[in-house]
Structures are given as structure tokens and as C-alpha cells.
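# Structural overview
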Amino acid sequence: MPLGDGIRRDISKVSPLERNRFIDAIVKLDTTKFYPDGVSYWDKQEAIHKNAHFHGVDVHVGPAFIPWHRVIVNRLEQLLREVDPELSLHYWDWTTDPRSTFGGRAVLFTPQFMGNSNGNAGHLLDFFESTEGEELGNGHDKIWRSVGLSPDVTRPNGAPKIDSDAVILAAGSNFATFAKKLKEAHDFVAHSYIGGTIEKPHYSFHDPFVFLLHSNLDRLWAKWQTDPAHPERLSPSTAYNGLSPGELTTLATENVEPWAGGTNLEP
Ligand SMILES: [Cu+2]
């Protein structure tokens with residue numbers, strides 16, 4: 001598949017060479033790219049995500065959840081391209097088992113790519129730290145995972161027990177209903193199926209895998225928005241149908257902080 005065409009694809013189906021370049025760029029964002037304050041590009045993204053819980057910007061329970069995370073995903077893609085201009089932020093198809101080659105897929109949790117699916121990620125991501133240990137005193141000073149451990153969350157083939165894309169896309173004709181369904185799916189795969197660092201929103205953006213997960217969420221939103229039968233989903237006056245006037249105000253005033261300016265949000 002053409003590297004550098006700007007298209008995001010199922011990361012388990014791009015070439016091994018491209019996956020190598022992808023993880024290499026992720027590592028470089030944490031080891032070779034720094035802002036003037038000495039913080040790495042990777043840690044700055046994480047800090048922006050974490051600080052969005054503070055200072056009253058409600059990006060995880062309010063209507064801004066999907067739009068705000070689209071922005072942080074797009075920004076990571078821009079940063080990746082500063083390291084390697086041909087890269088795109090591909091996605092994990094969360095209806096598949098990232099530990100399995102079923103369907104001709106590459107395993108994503110390998111020493112050469114995302115590291116271990118259980119315990120500390122290790123390998124190329126061994127130095128990706130988490131503040132979880134420091135803040136909770138539970139010893140998790142590095143990113144860790146607990147993928148698909150419970151049969152309650154896992155199908156016999158190892159994939160998450162999650163609705164198909166078609167079911168999610170058909171869930172609602174207005175933004176409020178659809179966004180609720182999409183967030184429920186996100187919460188299930190992030191907090192119940194992948195687990196570990198990604199289980200708790202406050203720490204989740206330490207782990208690079210979270211961007212593959214959020215890229216998939218964003219893909220589903222884009223598919224829903226661009227359904228040719230529903231032009232109202234892209235019209236500014238109706239794109240957020242179903243939200244209360246108060247929620248619309250919230251979305252309008254909180255949508256892309258801190259990047260939009262105007263708050264005291266750090267950094
Ligand atoms: Cu988040």
C-alpha cells in the first residue's frame with residue numbers, strides 16, 4: 001500500500017516496514033523531539049491530555065469527548081510527520097484481536113511493535129513512563145496492559161465482545177445518540193479489554209496504543225458524518241443535533257482547548 005498518501009489504514013494490514021517506521025517515530029517523539037521547556041513532544045501530548053481533566057475542561061464525560069479527542073489525534077499525526085513525513089496515524093480495528101494473526105493480520109503486541117499485551121509493555125516502549133505509580137502508589141511507573149484477560153469482555157476468538165461497526169453506525173440519527181453509543185464502545189475496549197495504563201483515562205495517554213484506539217473511534221465518527229444519506233450531519237447548524245442548548249454551549253466554548261487559547265489550561 002502506498003506509504004505517504006495521507007490515508008489512515010488498519011495498522012495490522014500495512015507493511016511491516018511501515019509499522020517499523022511508525023513505532024520508530026513514536027519513540028523519537030519521546031527521545032529526540034523537545035519543546036523549549038525541555039519536555040518531549042510525547043510527554044507534552046500526555047500532559048495536555050491529563051491536564052484536560054483539571055481546570056474545568058470536561059473532555060471525558062461531556063459532549064466534547066469525541067471532538068476534543070479528534071484534535072489530539074490529529075495533532076499527534078502532525079508530530080509523527082515532523083519525524084517521518086510519509087506516516088499516517090493508522091488505526092486498530094477494535095473488532096479484532098490485536099494479539100492474533102486471524103484474517104491475515106499482523107500481531108500488534110510484539111517485541112518489534114507495541115510490546116507486551118500483559119504486564120509492562122517493555123521492549124521498544126520500555127522507557128515510556130506512567131505517573132500512575134507516583135500518583136497512586138501502586139508500583140506502575142511504566143506503561144502496562146492486561147489485554148483480554150476476562151471471558152466477560154472477550155469472544156472465543158480473542159476479540160473484544162464489541163458491537164460491529166454497522167451496529168454502532170446505525171445507533172442514532174442525531175449526534176447525541178450516536179456519540180453516546182460510540183463512547184460506550186470506546187469505554188469498553190479501552191477500560192475493560194485493553195486495560196492497564198489505558199484503563200484509567202487520567203493515565204491512558206502515556207501508552208502509544210491509545211492513539212490507534214482513538215484513531216478507530218475517529219474513523220467511525222467520520223464514516224457516520226459522511227453518510228451520503230445524511231447531509232445534515234456535516235451542516236454546521238445541525239451537526240450536533242440532539243444536544244441540549246446547555247451542551248451546545250459547552251461544546252462551543254470548550255471544544256479544542258487548550259489549543260484554541262483563552263483558558264488557563266496548562267501547559
Ligand atoms: Cu481522553
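These notes cover the structure that comes with them. These figures come from a predicted structure and were not determined experimentally. (Residues numbered from 1 in each chain as written. Predicted model: local features only at pLDDT ≥ 70, side-chain atom pairs only at ≥ 80, totals over all residues.)

Next up on the list: the overall build of the chain. The helix and strand inventory of the chain stands at eight helices and two strands. Along the chain, from the amino end to the carboxyl end, the secondary structure elements read α-α-α-β-α-β-α-α-α-α. Relative to the 2.2 N^0.38 estimate, which gives 18 Å for 267 residues, the radius of gyration of the chain is 18 Å and therefore close to what a compact globule would have. Overall, the chain is about 50 × 45 × 40 Å in size when its C-alpha atoms are taken along their principal axes. Counting over 267 residues, the chain shows a buried share of 34%. (Helix = DSSP H or I, 4+ residues; strand = E, 2+ residues; numbered from the N terminus. Rg over C-alpha atoms; globule rule 2.2 N^0.38 Å. Buried ≥ 20, exposed ≤ 12 C-beta atoms within 10 Å, placed from the backbone.)

Moving on to the environment of Pro245. One can find Pro245 in helix α8 (residues 245–254). Separated by 157 residues in the primary sequence, Pro245 and Ser88 have C-alpha atoms spaced 36 Å apart.

As for its position among the elements, Thr197 is in the loop between α6 (175–194) and α7 (209–225). Once residues within four sequence positions are removed from consideration, Thr197 is found in contact with Ser130, Glu132, Ile143, Trp144, Arg145, Tyr203, Ser204, His206 and Asp207. (Contact = placed C-beta atoms within 7 Å.)

A few words now on the nonpolar core. Judged by nonpolar contacts, the single largest core of 54 residues is most densely connected at Leu182, Val189 and Leu213. Setting aside residues no more than four positions away along its own chain, Val189 makes contact with Trp94, Pro160, Ile162, Ile194 and Leu213. (Core = buried A, V, L, I, M, F, W, Y, C linked by C-beta atoms within 7 Å.)

With 19 residues, helix α3 (residues 65–83) should reach 27 Å at 1.5 Å per residue; the first-to-last C-alpha distance of 28 Å fits that figure. Among the residues of α3, those classed as buried are Phe65, Ile66, Trp68, His69, Ile72, Val73, Leu76, Leu79 and Leu80. With its buried residues spanning 165° around the axis, α3 presents them on a single face. Considering only its buried residues, α3 is in contact with α1 (16–31), α2 (41–51), α6 and α7. (Expected span 1.5 Å × (residues − 1). Arc of directions from axis to C-beta.)

This part is about the packing of α3 against α7. The geometry of α3 relative to α7 is characterised by a closest axis approach of 10 Å and an angle of 120° between their N-to-C directions. By the angle between their axes, α3 is oblique relative to α7. In this structure, the crossing between α3 and α7 has a hand that is left-handed. Mapping the contact onto sequence places Ile66, His69, Arg70, Val73 and Leu76 in α3 and Phe211, His214, Ser215, Asp218 and Trp221 in α7. (Axes fitted to C-alpha atoms, helices over the stretch in contact; angles between N-to-C directions. Parallel < 35°, antiparallel > 145°, perpendicular 65-115°, else oblique. Left-handed = near helix turned anticlockwise from the far one by under 90°.)

In this section: the environment of Phe205. Looking at where Phe205 falls in the secondary structure, it is placed in the loop between α6 and α7. Put simply, Phe205 and Pro98 are 107 residues apart on the chain and 18 Å apart in space, counted from C-alpha to C-alpha. Those residues in contact with Phe205, other than ones at most four positions away along the chain, are Gln45, Glu46, His49, Lys50 and Val210.

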